[in-house]
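An overview of the molecular structure
The residues making up each chain are set out below.
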Amino acid sequence: MTLLLGVDNGGTRVKLLLAREVGGRLEHVRTDDAPTPRGPAAMDELAALTRAFLADDRADAFGITVAGILDEASGVVATSANMRWLEGLAPARELADRLDLPGEAVQDGVATAIAEAVLGAGRGADDVFVLALGTGIAGAHVVDGAVRKGAHGGAGEIGHLATGRGERCTCGQSGCLESVLGGTRLGARWDRARGVGAASTALDVVLAAERGDGTARAILDEATTALANGLLSVMAMIDPGVIVIGGGLSNSPTWIIDPAVDKAHRQATFHSVPPIVRAQLGSWAGAWGAAVTAGHRTSGERRLERTEMV
């Protein structure tokens, strides 16, 4: 039996998860969360939280997520927009020294994708594309439990597929999928269309559509058409066995997910349309992914074994 610790060190909350690996199965032991430690003493405080969480249990290894750009060779955080105190540090090494445990860092989006592909909605498939719909639009291609990052680490950036629309994206291009479908963009487009200065959210647009607001419905129709085209592009380029859709916008299946999937089915020609399913692990996906990463550490293998969550 192996005890694996997952530390999802988010910008607001840190989530701690202890899992037991027995006979190729990853089983839940317990979870807890707390406000994320911040500032120069953050790693000391995180170590104290972790020790209290483990109590009398002795983990064999841990994984810790990083919200930012991680140099995988050194484990050092290059940039982190929301957690500047981590920049220049190697969080896994820092926490390992304090806990006297072996550990490994993993970028938070990668951790989420691995968890959903191996333990969550993609479980049982060897080839999974995980799509996260939120303020930004992120994607990751997971094959046999490992994320395919591409030659330069930029694979899966579905949010920057061209949609043919002219709106400027934060990346500097015009017409990216993210500029049409991103959560804050939906609210901003609805405000502009109504000529108001409010800071509406994607949820505001969905609620307005439910009330019969024609402008909100038109904006969502355009967004779901763009998402359908993005899904078809993924099918054409990598032919995944399953597509998993998560993120905040996936909580509006009636107005965002279901229409996009329906359009993708209707527009498909040569495409092999795989099952398109909603993510299952919710806000704990990062912690599960960190625990799976810890499993890599104990096995000495980069390739994941197929495991199940119970």
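What comes next is a walk through the structure.

Attention now moves to the packing of helix 6 (residues 202-210) against helix 7 (residues 214-238). Close contact between helix 6 and helix 7 brings their axes to 7 Å; oriented N to C, the two are set at 120 degrees. Overall, the two elements helix 6 and helix 7 adopt an arrangement that is oblique. For helix 6 against helix 7, the interelement crossing comes out left-handed. Only Ala216, Arg217 and Leu220 of helix 7 make contact with helix 6, whose side of the interface consists of Val205, Val206, Ala208, Ala209 and Glu210. Its residues assigned to classes, the contact of helix 6 with helix 7 comprises six nonpolar, no polar and two charged.

With 13 residues, helix 1 (residues 42-54) should reach 18 Å at 1.5 Å per residue; the first-to-last C-alpha distance of 18 Å fits that figure. As for helix 1, its buried residues are in contact with strand 1 (2-9), strand 2 (13-22), strand 3 (25-35), strand 4 (61-66) and helix 2 (91-99).

Further remarks concern the sheet that holds strand 11 (residues 242-246). Pairing in this open sheet of five strands is mixed, and the strands run 10-9-8-11-12 from one edge to the other. In this open sheet, the two edge strands, each paired with only one partner strand, are strand 10 (146-148) and strand 12 (276-278). Strand-to-strand twist in this sheet, taken as the mean axis angle between neighbours without regard to direction, amounts to 30 degrees. Sheet analysis places strand 8 (residues 127-133) next to strand 11, joined by five bridges and oriented parallel. Bridging from a neighbouring strand, Val128 pairs with Val242 of strand 11. In this fold helix 3 (residues 108-118) packs onto strand 8, strand 9 (137-143), strand 10 and strand 11, with an angle of close to 130 degrees to the strand it touches most, strand 8.

Summarising the sheet, strand 5 (residues 69-71) and strand 6 (residues 76-79) pair through three bridges and their orientation is antiparallel. Bridged to Leu70 within strand 6 is Val77. Adjacent in sequence and paired antiparallel, strand 5 and strand 6 are bridged by four residues, among which Gly75 carries a positive phi angle near 80 degrees.

Before going further, it helps to examine the nonpolar core. Grouped together as the largest cluster of nonpolar side chains are 35 residues, with contacts concentrated most on Leu131, Leu133, Leu181, Leu231 and Ile256. For this core, the elements supplying multiple residues, two or more each, are strand 8, helix 4 (177-181), helix 5 (183-194), helix 6, helix 7, strand 11 and helix 8 (253-267). Once residues within four sequence positions are removed from consideration, Leu131 is found in contact with Ile137, Ala138, Gly139, Ile158, Leu227, Leu231, Val244, Ile245 and Gly246.

This brings us to unusual backbone geometry. Look at Asp144: it is not a glycine, yet its phi comes out positive at around 50 degrees. With respect to the helices and strands, Asp144 occurs in the loop between strand 9 and strand 10. Even without glycine at this site, Asp239 takes up a positive phi of about 50 degrees. With respect to the secondary-structure elements, Asp239 resides in the loop between helix 7 and strand 11. The exposure class assigned to Asp239 is partly exposed, which follows from its relative accessible area of 47%.

Right, let's get into the pattern of salt bridges. Inspection of the entire model under this criterion finds twelve salt bridges. We note a salt bridge from Arg13 to Asp33, for which the minimum N-O separation is 3.1 Å. Separated by 20 residues along the polypeptide, Arg13 in strand 2 and Asp33 in strand 3 bring together distant segments of the chain. A relative accessible area of 33% places Asp33 in the partly exposed class. Measuring nitrogen to oxygen at the nearest pair gives 2.7 Å for the salt bridge that ties Asp191 to Arg194. Remark: Arg194 and Asp191 occur in helix 5; sequence separation between them is three residues, near one turn of the helix. Note on Asp191: relative accessible area 4%, which makes it buried.

The rules we used
Residues numbered from 1 in each chain as written. Predicted model: local features only at pLDDT ≥ 70, side-chain atom pairs only at ≥ 80, totals over all residues. Heavy atoms only, no water. Axes fitted to C-alpha atoms, helices over the stretch in contact; angles between N-to-C directions. Helix = DSSP H or I, 4+ residues; strand = E, 2+ residues; numbered from the N terminus. Parallel < 35°, antiparallel > 145°, perpendicular 65-115°, else oblique. Left-handed = near helix turned anticlockwise from the far one by under 90°. Contact = heavy atoms within 4.5 Å. Nonpolar A, V, L, I, M, F, W, Y, C, P; charged D, E, K, R; others polar. Expected span 1.5 Å × (residues − 1). Pairing = 2+ DSSP bridges. Core = buried A, V, L, I, M, F, W, Y, C linked by side-chain atoms within 4.5 Å. Buried < 20%, exposed > 50% of the residue type's maximum accessible area, 1.4 Å probe, protein only. Salt bridge = Lys/Arg side-chain N within 4 Å of Asp/Glu carboxyl O.

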